[in-house]
Amino acid sequence: MSSTKFFSAVIMCLFAAAFAAFSQEALPGGYRSIRLGMSVDEVKDALKKDLNFGYRGDRDVSLLPGENRTLIETDTSRTAPYSFLERCWFQFYEDKLYTITVNVRRSKMDHYSVFSALAEKYGMPDSLSPEKSEWKDDSVIMSLERPLTLKYTDRAVFEDLQSKALVQKSAEEQARGAFLDSL
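Keep in mind that what you see is a predicted model, and the values were worked out from it rather than measured.

A. View of a nonpolar patch on the surface. Where nonpolar side chains cluster on the molecular surface, the patch consists of F179, L180 and L183 and spans about 350 Å² of accessible area. Relative to the helices and strands, F179 is located in helix α4 (residues 155–181). Accessibility expressed as a relative area gives 52% for F179, which makes it exposed.

Given below as structure tokens:
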């Protein structure tokens, strides 16, 4: 192959890769009609309208230990056995949805099919391990975890909560050290 043909082939490959990267979709800000950042009431209303989630009303809502945290848990086993969804959790912080966790019914879907669809739509994951594939952008972290769980997380809220947890741990470590010093 001549150097001109080789150079042309390399340029075409680079253009194809660049086009594929630009043609990928942005990460979704949620699943179906449920979007990250929605209020508890907005999520309840959206769940009532979508029977695939198996939402039964306020009995599916609980308060988590800690400040300003609410959790909605749905189970489709009795209310929507036709659904591809099995169980779902919607976690709120300061009345805003920041994590959606969707367990997919393994009797109807497999991990490879979901992974392939996500990779085709959003590109290869930013991190990949036997337990989890993770896609990230500036606002969303989307992960596919084994055996078959999809997670959508508001990245800014998650990182803020993580930094607060590190500050709390540091204070606990100092208190622990002070206790040990007092012995």
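B. Region of the structure containing the pattern of salt bridges. Taken as a whole and assessed by the stated rule, the structure comprises nine salt bridges. K44 is the partner of D58 in a salt bridge, and the nearest nitrogen-oxygen pair spans 2.9 Å. Within this pair, whereas D58 is found in the loop between α2 (40–49) and β3 (61–63), its partner K44 is found in helix α2, the two being separated by 14 residues in sequence. When its relative accessible area of 53% is taken as the criterion, D58 is described as exposed. Residues joined in a network through salt bridges with shared partners are E73, D75 and R87.

C. Geometry of the side chain of S83. Inspection of the secondary structure puts S83 in the loop between β4 (69–75) and β5 (85–93). Those residues within four positions of S83 in sequence are excluded, and the remaining contacts are N52, T76, R105 and K108.

D. Geometry of the packing of aromatic side chains. One pass over the structure, following the stated rule, counts four aromatic pairs. Seen in terms of ring centroids, F53 and F90 are 5.7 Å apart; in terms of plane orientation they differ by 70°. Their pairing is edge-to-face. Placement of the pair is F53 in the loop between α2 and β3 and F90 in strand β5, with a sequence separation of 37 residues. Relative accessible area serves as the criterion here: at 0%, F53 is assigned to the buried category. Through pairs of rings, three or more aromatic residues link up here, namely Y31, F53, F90 and Y152. Just above the ring of F84 sits the side chain of K108; from NZ or CZ to the centre is 5.8 Å.

E. Expanded view of the sheet that holds strand β9 (residues 140–145). What the eight strands build is an open sheet, ordered β3-β4-β5-β6-β10-β9-β8-β7; its pairing is antiparallel. Bordering the open sheet on either side are β3 and β7 (127–128), each of which pairs with just one other strand. Across eight bridges, the pairing between β5 and strand β6 (residues 96–104) is antiparallel. Pairing of W89 across the sheet is with T101, part of β6. Strand contacts of α2: β3, β4, β5 and β6, with the helix running at about 10° to β4, the strand carrying the most contacts. Its contacts with the sheet put helix α3 (residues 111–122) on β7, β8 (132–136), β9 and β10 (149–154), and the angle it makes with β9 is roughly 150°.

F. Expanded view of α2. When we look at burial in α2, the residues that qualify are V40, V43, K44, A46 and L47. In a view along the axis of α2, the buried residues occupy a sector of 165°, so they form one face of it. Exposed residues lying more than 90 degrees from the buried face of α2 are D41, K48 and K49. Contacts made by the buried residues of α2 are with β2 (34–35), β3, β4, β5 and β6.

G. Quick peek at a negative patch on the surface. Among the surface-exposed residues, D41, E42, D45 and D95 lie close enough to one another that they form a single negatively charged patch. The topology assignment puts E42 in helix α2.

H. Highlighting unusual backbone geometry. Geometrically, the link from R146 to P147 is a cis peptide bond, its omega value of 10° lying close to zero. Relative to the elements of secondary structure, P147 occurs in the loop between β9 and β10. A positive phi angle, close to 55°, is found at R32, a residue other than glycine. If you trace the backbone, R32 turns up in the loop between β1 (30–31) and β2. Although it is not a glycine, D95 adopts a positive phi angle of roughly 65°. Mapped onto the fold, D95 is located in the loop between β5 and β6.

Definitions and limits used
- Residues numbered from 1 in each chain as written.
- Predicted model: local features only at pLDDT ≥ 70, side-chain atom pairs only at ≥ 80, totals over all residues.
- Heavy atoms only, no water.
- Patch = residues over 30% accessible without salt bridge, like charges linked within 9 Å, V, L, I, M, F, W, Y side chains within 5 Å.
- Areas by Shrake-Rupley, 256 points an atom, 1.4 Å probe, with all protein chains shown as cover.
- Salt bridge = Lys/Arg side-chain N within 4 Å of Asp/Glu carboxyl O.
- Helix = DSSP H or I, 4+ residues; strand = E, 2+ residues; numbered from the N terminus.
- Buried < 20%, exposed > 50% of the residue type's maximum accessible area, 1.4 Å probe, protein only.
- Contact = heavy atoms within 4.5 Å.
- Phe/Tyr/Trp six-rings, centres within 6.5 Å; stacked < 30°, edge-to-face > 60°.
- Lys NZ or Arg CZ within 6 Å of the ring centre and 35° of its normal.
- Pairing = 2+ DSSP bridges.
- Axes fitted to C-alpha atoms, helices over the stretch in contact; angles between N-to-C directions.
- Arc of directions from axis to C-beta.
- Lys, Arg positive; Asp, Glu negative; His and termini not counted.
- Charge placed at Lys NZ, Arg CZ, Asp CG, Glu CD.

Any link to function would need more than the numbers given here.
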